[in-house]
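# Overview (structure and organization)
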Amino acid sequence: MSGFIHCLLSFCILGCICYSSRAWHVEMPSNMKALLGSCLVIPCTYDYYQYPPHNPSRVVWYQYRDRGYPLVYDDWNPNKVIRKFHGRTFKVSISDAKQCSLQIYPVRWSDHREKIYPWVDPENVGRSTYRFFDKTVTIQVVERAEKPVITFTGNRKVGQTVTVMCTVYHTCRTFPPTLRLNIPTQGNKPTHYSRSDGTTETTLTATLNIKSDLQEVECTVSYTGGVTERASQTLKAECSFFPLTIQPTSQEFLEGQASKVTCTAEYTCPKHLPKFTWSYGGTTDSPEISKIGDAHWRAVSTLTLTTSANDNGRYLKCTAEFTRSQRQAVGIYLRVKRNMLSRGWSFNSPGSITGMRGSCIIIPCSFTYSTDRPTGLRVIWYLYQSSGYPPVFDASQSAVGEFRGITSLIGSVDGGNCSLKIERLDMSHNKDRLYPWVDKNPITSYHTVGHTFYDKTTQLIVSDHAQEPQLSMTEIPTVGEQSRVSCNVRHTCITAPPVLTLSGITGTDRTIDRLVSDGIWERKVERIWTVKEEDQSVNCTVRFHGGQEASSELRLHVECPHEAIKMVERPGNATEGVAQSVICFVSYKCKKNTPTIVWNYKDMQSSFDDKMISSDTYRAVSNLTFIGSLGDDGKSLTCTAKFYSGETSDSATIHVKQYERQAEEIDPHDTFHVLAADVPFRFTALTRSCVVIPCTFQYPEDTTSLIRGMWSKKTGGIIFHKGQSHVLDHFKGRTKMLGNLREGNCTLEIDNIKSFDNGPFCFHAERGNDKYRFNNSCVFIVMRASPATPVMTPVPTEVDAGSTITVSCSVTYTCSSHPPEFSWSVSNLTSKVTDTNTEQGIWERNSTITFMVTGRDGVHTLTCTATFWRGKQQASSVELSVKGSLMYQFRSSVPVTMPVSALVLIVIILAAVFGVVICRKRKRSDDSLRPPRPEKRRSLWDRLSRRYPESSERPPRPEKRRSIWSRFSRREEDGRIGWQNTRRSIWNRFSRRQDNTVNLSVGYVRHADNCHLQTSKPALPSPKENWKPPRPAKPKVSSAVVSGNDQM
């Protein structure tokens, strides 16, 4: 029994779990392809009808594993996401349903065949509610993207347009691929469509004008991550041939007169050049070929012919033969106008007239006689046929069936008027030809063999398409004013004119009818209306009695006027430094014409507001917080409203008076101790900057130090107190005591000065229960909207380029805790900044720089800019006329060019000397082969040289010739044996010191048995040295010389 209960209980628990799990469901694809390097968006939605989540927006994704729940995405715990998915998963929303969609970017190979699943509100929705891990999606990573698919829809003929669509399927909806076509897309944007399998279809559509029979279309798709694929397709189109047309220069050919007829062939492929032939003998010109549009060519053949009476009714045919056996033919019947004088009368009527189906038409006609007009004339109209004369109108008999009861004469026959009116035109009347007969008897009473009235017939053209009405305006419409628009259409039935209807605007109409030409009337409807801003266009619709309609539209570019700006709250008698509210407003039409209002004073706070005051009128208001100074007295304050079509201004004269100290009112019942203080009663401050108010006081000899100092408004309210809870909210965090009360310094700093922080502000103090007030301790702050202008020291009006100039720039300020900073428009060589306290609390900062004048000749600007605390700036400039810039550049380049030129010259001289020495050396080596002589006469170069060729033989002489360098030296050469010696350095050769040695020179000949030893006088030392008696120097001799002495 217990086992049965256990089984029954388990079955109930499983049933509850199954039932609860069916209360939820998750929709997402089971498999998704992902492009390597791109992104993957897994579409996922969920829904429920029981057990709603506590946090529906909370979605967590897990990696499917037999054990555990590895995190793929968790916006609450992003650091717990497993490493392979860390930083690459994001929640996305792609529809309005309950979303659990996930984005993976970028896709990696490691994502291949991964199974993941979402979990909605995992903290509150458990697995007993829904087994989320039973619904997984498997990721399949691919390396190559799918190629785009190109499709064409439309008539594939040259000259026509087809729709080109490039489509690609992907799984990255948030970063879709980019599609590009090699044809113009007219700015079309791709469309995106989500498919049921989780992929997205992206399509780029363009319209292609087919210009040739073979046209290549290529589509390129670029995926996120850099993968690109291309596809191309050739569009094969058919060449088209337009119907051949023939056109005479006039509707009628005059007998015996030359006339021209043109035959026109139009085609789309230039390779199909037509060849024209005519069925009538005449002069034919060469065809004229022209291109009249993209893939549209025209060939025109002109025939010149002279017709005769026998040509009347003859068929003139034009044939055009294209390549590939394409042939077209067209023709007309010749209407030769014969001389009417043979019948004694003639008439005039149009060759054709157009009317609307269901409407009436009047064929204008007039006749004349060449002789006296007979009496009893009748006017009969006939329908032209190849045989017979069916009447269209005859007062004595019925008309032919289709014209019966709908024709009548208009005008007087006695007046030569034969006009015919036809009521209720029908399409069966189209292309019927009518002609009149004016005589006492009908046309059948005359012999008419060989004669026809075709050349004078009037062709009826019945149209079922209404002509578009014409809209016009005489002036540009202005909002709020009355304007006039007219709509007109031409017609042929004055008794039943068409109906014109205007829409888009409301107003009053006036209808006007007038005769334009024979048989043509014009109906005009004029509407007068009051223009509104929203009036964009006016439409005119015409409706004929046959039911035909046509309409046209006229865009209205309405103008938006504005009134003159007015200053409603003008500045009165203001006190210097005290802010005033000045208001300007301007009324204007159209919301889009909202102006900008500017003032002629800068650095002053202003506000702007606009609102609607009537159906089409708006008002713009600018409120300026004006702070006047004594220098503004008598000047004008101007506000200007700038519209896109112009501007308007209004001004007021400013009256500013100086602040005067107010008498202090002392309450005789107060218990304050009175001390003396030194505070300026009037002090200037720059708005938005800071101000440091100097304040000092003296202690009486019997008074100890004060404990607490306070500043307050004279009208009440503390602006500084050590306890911030006592300070007014307006001044909290902006005031600070800079002075030390124990030293009698009560200096106050107010930062971020507001426009209305004038005061007066007074200092008082406390010590225990004793309270102290001070005489002359109140200060009134005079506000300045703009900082003081820097003052520059004079500079020369003309300066030379390269010269050095020293200039100073100074400016006053009252914010000593944050002095202004200077900047110059030139780079300086030296710079120095000093601060000076000019008077009580007013400081002056001076910047002195030294700079070198550079640049081209002309006028240059030197600017000094002072930037005050919290950003306000003021600048001062002077002009310098620079001259001599070319000479300065030359002088600057001399120190570089002169050493280079000298070095090049020295190198050239040394190269020349070296070349001469080499040549002479070669020559001496050749001379050594000659027999010796007592003394060879040496050349100039040999005399300057210190060496002789070893092979040359020379007699001994008392002293060896010295080199050119040693000759300029004051020192004697070292003793040497023969002609070989140790060369001295260049410095020793130019030295003035003398060696205290004996100069010994030895000379010998090749076969001599004796040698000569010669000593020279020792050189005397320089007078600048200490003189000592010279010591005889021992000559240095080689071993060869010693052996010679032994023999002596």
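It should be emphasised that the depicted structure is a prediction, and the values quoted were computed from it without experimental measurement.

## Concerning the overall build of the chain
When helices and strands are counted, the chain shows six helices and 73 strands. Here the chain holds 1048 residues, and the buried ones make up 40% of them. Of the contacts made within the chain by residues no fewer than 6 positions apart, 63% connect residues no fewer than 24 positions apart. Working note: accessible area of the chain is about 59100 Å², and carbon and sulfur atoms make up 51% of it.

## Some points on the sheet that holds strand S35 (residues 419–422)
The antiparallel open sheet is built from three strands, whose spatial order is S30-S35-S34. Whereas interior strands pair on both sides, the edge strands pair on one side only; in this sheet they are strand S30 (361–363) and strand S34 (407–410). Direction aside, neighbouring strands of the sheet carry axes that sit 25° apart on average. Pairing of S34 with S35 involves four bridges; the strand directions are antiparallel. Looking at the pairing, Ile410 lines up with Ser419 of S35.

## Examining the state of the cysteines
Scanning the entire structure with this criterion turns up 14 disulfides. At a sulfur-sulfur separation of 1.5 Å, the disulfide partner of Cys360 is Cys493. Across the S-S bond linking Cys360 and Cys493, the dihedral sits near 105°, which makes this disulfide right-handed. With a gap of 133 residues between them, Cys360 in the loop between strand S29 (352–356) and S30 and Cys493 in the loop between strand S39 (482–491) and strand S40 (499–503) connect regions that are remote in the sequence. Residue classification places Cys493 among the buried positions, given a relative accessible area of 1%. A disulfide bridge connects Cys365 with Cys418, and the sulfur atoms are separated by 1.8 Å.

## Here we look at the packing of aromatic side chains
Overall, the coordinates contain 30 aromatic pairs when judged by the stated rule. Between Tyr69 and Trp119 the ring centres are 6.0 Å apart and the planes differ by 80°, which places this aromatic pair in the edge-to-face class. A residue pair is termed long-range when its members are at least 10 positions apart, and Tyr69 in the loop between strand S5 (59–63) and strand S6 (71–73) and Trp119 in strand S9 (residues 115–120) qualify at 50 residues. For the pair Tyr105 and Phe175, a centre-to-centre distance of 5.8 Å together with 35° between the ring planes defines the contact as tilted. Highlighted residues: Tyr105 in the loop between strand S8 (102–104) and S9 and Phe175 in the loop between strand S12 (161–170) and strand S13 (178–181), separated in sequence by 70 residues. Overall, Phe175 belongs to the partly exposed group, its relative accessible area being 39%. Through pairs of rings, three or more aromatic residues link up here, namely Trp24, Tyr46, Tyr48, Tyr62, Tyr64, Tyr69, Tyr117, Trp119, Tyr130, Phe132 and Phe133. Taking NZ or CZ as reference, Lys98 lies 5.5 Å from the ring centre of Tyr48, over its face. Here the guanidinium or amino end of Lys456 rests over the ring plane of Phe347, the centre of that ring lying 5.2 Å away.

## Focus on the sheet that holds strand S71 (residues 873–883)
The strand order S65-S71-S70-S67 describes an open sheet built from four strands, whose pairing is mixed. Two strands in the sheet have a free side with no partner beyond their single neighbour: strand S65 (798–800) and strand S67 (821–824). Going across the sheet, the axis of each strand differs from the next one's by a mean of 35°, ignoring polarity. By the bridge criterion, 10 bridges tie strand S70 (residues 858–867) to S71 in an arrangement that is antiparallel. Within S71, the residue paired with Val859 across the bridge is Ser881.

## Section: the nonpolar core
Grouped together as the largest cluster of nonpolar side chains are 34 residues, with contacts concentrated most on Trp24, Leu40, Trp61, Ile116 and Phe132. Core analysis: the next-biggest nonpolar cluster, separate from the first, contains 31 residues, Val379, Tyr382, Ile406 and Tyr435 among them.

## A closer look at the pairing of S40
Here S40 shows one buried face, formed by Leu500 and Leu502, and one open face, formed by Val499, Thr501 and Ser503. Of the pairings in the sheet, the one linking S40 to strand S43 (residues 537–543) comprises five bridges and is antiparallel in character. In the sheet register, Val499 faces S43, and the bridge partner there is Arg543.

## Structural notes on a nonpolar patch on the surface
On the surface, Leu905, Ile909, Val913 and Val917 cluster together to form a nonpolar patch covering roughly 340 Å² of accessible area. Turning to its location among the elements, Val917 is positioned in helix H2 (residues 885–927).

## Section: the environment of Ile150
Looking at where Ile150 falls in the secondary structure, it is placed in strand S11 (residues 149–154). Each C-alpha atom, one on Ile150 and one on Thr234, is 10.0 Å from the other, the two residues being 84 residues apart in sequence. Contact partners of Ile150, with chain neighbours within four places excluded, come to Val164, Met165, Val217, Glu218, Cys219, Ala231, Ser232 and Gln233.

## A word on the environment of Gln724
Looking at the secondary structure, you find Gln724 in the loop between strand S59 (718–720) and strand S60 (735–737). Each residue touching Gln724, except ones within four places of it in the same chain, is listed here: Lys732 and Gly733.

## Things to note about the pairing of strand S10 (residues 137–142)
Judged from the five bridges that link them, strand S2 (residues 31–35) and S10 form a sheet pairing that is parallel. In the sheet register, Asn31 faces S10, and the bridge partner there is Thr138. Where S9 and S10 come together, two bridges link them in antiparallel fashion. The residue of S10 that forms the bridge with Lys115 is Thr138.

## What about the pattern of salt bridges?
Here the idea is simple: oppositely charged side chains can pair when their charged atoms come close. Summed over all chains, the structure comprises 32 salt bridges. Taking the shortest distance from any N to any O, the salt bridge between Lys98 and Asp47 comes out at 3.6 Å. Pair noted here: Lys98 is in the loop between strand S7 (89–91) and S8 and Asp47 is in strand S4 (residues 45–48), with a separation of 51 residues, a long-range link. In this structure Lys98 comes out as partly exposed when scored by relative accessible area, which is 34%.

## Some remarks on unusual backbone geometry
Cis geometry is adopted by the peptide bond preceding Pro106, which originates at Tyr105 and carries an omega value of -5°. Here Pro106 lies in the loop between S8 and S9. Residue Pro760 follows Gly759 across a cis peptide bond; omega there is 0°. In this structure, Pro760 sits in the loop between strand S61 (748–750) and strand S62 (761–767). A positive phi angle is found at Ala295, which is not glycine, with a value near 60°. As for its placement among the helices and strands, Ala295 is situated in the loop between strand S23 (288–293) and strand S24 (296–306). With relative accessibility at 7%, the residue Ala295 sits in the buried group.

## A look at the side chain of Arg734
Position of Arg734 among the secondary structure elements: in the loop between S59 and S60. Side chain to side chain, Arg734 and Asp757 meet in a polar contact 3.1 Å long. Ignoring any residue separated from it by four or fewer positions in sequence, one finds Arg734 in contact with Glu749, Ile750, Asp751, Asn752, Ile753, Lys754 and Asp757.

## Here's the deal with the side chain of Thr625
Residue placement: Thr625 occurs in strand S50 (residues 617–627). Here Thr625 falls in the buried class, since its relative accessible area comes to 14%. Apart from the residues within four sequence positions on either side, Thr625 is in contact with Ala579, Gln580, Met604, Gln605, Ser755 and Phe756.

## Notes on the confidence of the model for the chain
On average, the chain scores 80 in pLDDT, and the residues at 70 or more come to 80%. Scored below 50 in pLDDT, residues 948–953 shows 11 contacts in the model against residues more than four places distant or in partner chains.

## Remarks on the environment of Ala550
On the secondary structure map, Ala550 appears in strand S44 (residues 549–555). In sequence terms Ala550 and Ala466 are 84 residues apart; their C-alpha atoms lie 5.5 Å from each other. Aside from chain neighbours lying at most four places away, what touches Ala550 is Ala466, Gln467, Glu468, Pro469, Cys540, Thr541 and Val542.

Definitions and cut-offs
Residues numbered from 1 in each chain as written. Predicted model: local features only at pLDDT ≥ 70, side-chain atom pairs only at ≥ 80, totals over all residues. Heavy atoms only, no water. Helix = DSSP H or I, 4+ residues; strand = E, 2+ residues; numbered from the N terminus. Buried < 20%, exposed > 50% of the residue type's maximum accessible area, 1.4 Å probe, protein only. Contact = heavy atoms within 4.5 Å. Areas by Shrake-Rupley, 256 points an atom, 1.4 Å probe, with all protein chains shown as cover. Pairing = 2+ DSSP bridges. Axes fitted to C-alpha atoms, helices over the stretch in contact; angles between N-to-C directions. Disulfide = S-S within 2.5 Å. Phe/Tyr/Trp six-rings, centres within 6.5 Å; stacked < 30°, edge-to-face > 60°. Lys NZ or Arg CZ within 6 Å of the ring centre and 35° of its normal. Core = buried A, V, L, I, M, F, W, Y, C linked by side-chain atoms within 4.5 Å. Patch = residues over 30% accessible without salt bridge, like charges linked within 9 Å, V, L, I, M, F, W, Y side chains within 5 Å. Salt bridge = Lys/Arg side-chain N within 4 Å of Asp/Glu carboxyl O. Polar contact = N/O pair within 3.5 Å; in protein donor to acceptor, adjacent residues only side chain to side chain. pLDDT = per-residue confidence, 0-100.

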